[in-house]
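Remarks on the overall topology
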Amino acid sequence: QVQLVESGGGLVQAGGSLRLSCAASGRTFSIYDMGWYRQAPGKGREYVARIMWNNGNTYYADTVKGRFTISRDNAKNTVYLQMNSLKAEDTAIYYCNVRVGLTYQNFWGQGTQVTVSS
C-alpha cells in the first residue's frame, strides 16, 4: 500500500501561480512514476502530468505544456506541480497518483481544490 497526502491548493486570480505537493508513504521503494490528474465540475478526470521516478523524465498534457512543471524529490518521496499562468479553465480538484511495482498498481490521493478566478 501507498498513502498519498496532497497540499497546496487554493484560490488564485487568473495569471497567478500555485504549487501543489504530494507526499508518498508506505511501499515507496517500488514507485514506478507519479503524476497529477484533475477533475473539473461536471467533467471526467483528466491527465495533467507524470514524472518517472528513476530518471526524472516528464510528460505533460497539451493543455498545460509550457505553463505547468512537475518535479520530484526522491529523498522525500514527494512530487510537486508548479502551476504558472493559471487560467479559469484550470479550476478543478487535482489528484495525485502513483504507480508501484511490476504491475503498476495505482494509488490516489484525496484531492486538493484549485480555483482560478477570472
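1. Considerations on the pairing of strand 10 (residues 105–108)
- Relative to strand 10, strand 9 (residues 92–100) runs antiparallel, the two sharing four bridges. By the bridge assignment for strand 10, valine 100 is matched with glutamine 105.
- Taken together, strand 9 and the strand that follows it, strand 10, pair antiparallel across an intervening segment of four residues, in which glycine 101 is found at a positive phi of about 75°.

2. Things to note about the nonpolar core
- Counting 31 residues, the largest nonpolar core has Met34, Trp36, Leu81, Met83 and Tyr94 as the members making the most contacts within it.
- Of all elements in the fold, only strand 1 (2–7), strand 3 (18–26), strand 4 (31–39), strand 5 (45–52), strand 7 (68–73), strand 8 (78–83), strand 9 and strand 11 (112–117) reach the threshold of two or more residues within this core.
- Per element, the largest residue contribution to this core is five residues, and it comes from strand 9.
- Residue contacts for tyrosine 94: discarding those within four places in its chain leaves Glu6, Leu20, Trp36, Tyr37, Arg38, Val48, Phe68, Leu81, Met83, Gly111, Thr112 and Val114.

3. Comments concerning the packing of aromatic side chains
- One pass over the structure, following the stated rule, counts three aromatic pairs.
- With a centroid separation of 5.8 Å and 70° between ring planes, the pair formed by tyrosine 37 and tyrosine 47 is classed as edge-to-face. Of the two residues, tyrosine 37 sits in strand 4 while tyrosine 47 sits in strand 5, which places them 10 residues apart along the sequence.
- Judged by centre distance (5.1 Å) and plane angle (70°), the rings of tyrosine 37 and tryptophan 108 are edge-to-face. Here tyrosine 37 is found in strand 4, whereas its partner tryptophan 108 is found in strand 10, with 71 residues between them in sequence.

4. Brief notes about the pattern of salt bridges
- Counted by the stated rule, this structure contains six salt bridges.
- Note that arginine 67 and aspartate 90 form a salt bridge whose closest N and O atoms lie 2.7 Å from each other. Of the two residues, arginine 67 sits in the loop between strand 6 (58–60) and strand 7 while aspartate 90 sits in the loop between strand 8 and strand 9, which places them 23 residues apart along the sequence.
- The exposure class assigned to arginine 67 is buried, which follows from its relative accessible area of 11%.
- Using a relative accessible area of 0% as the deciding quantity, one classes aspartate 90 as buried.
- Here the salt bridges share partners, and the residues they tie into one network are Arg38, Glu46, Arg67 and Asp90.

Basis of the calculations
- Residues numbered from 1 in each chain as written.
- Predicted model: local features only at pLDDT ≥ 70, side-chain atom pairs only at ≥ 80, totals over all residues.
- Heavy atoms only, no water.
- Pairing = 2+ DSSP bridges.
- Helix = DSSP H or I, 4+ residues; strand = E, 2+ residues; numbered from the N terminus.
- Core = buried A, V, L, I, M, F, W, Y, C linked by side-chain atoms within 4.5 Å.
- Buried < 20%, exposed > 50% of the residue type's maximum accessible area, 1.4 Å probe, protein only.
- Contact = heavy atoms within 4.5 Å.
- Phe/Tyr/Trp six-rings, centres within 6.5 Å; stacked < 30°, edge-to-face > 60°.
- Salt bridge = Lys/Arg side-chain N within 4 Å of Asp/Glu carboxyl O.

On their own, these measurements won't tell you what the molecule is for.
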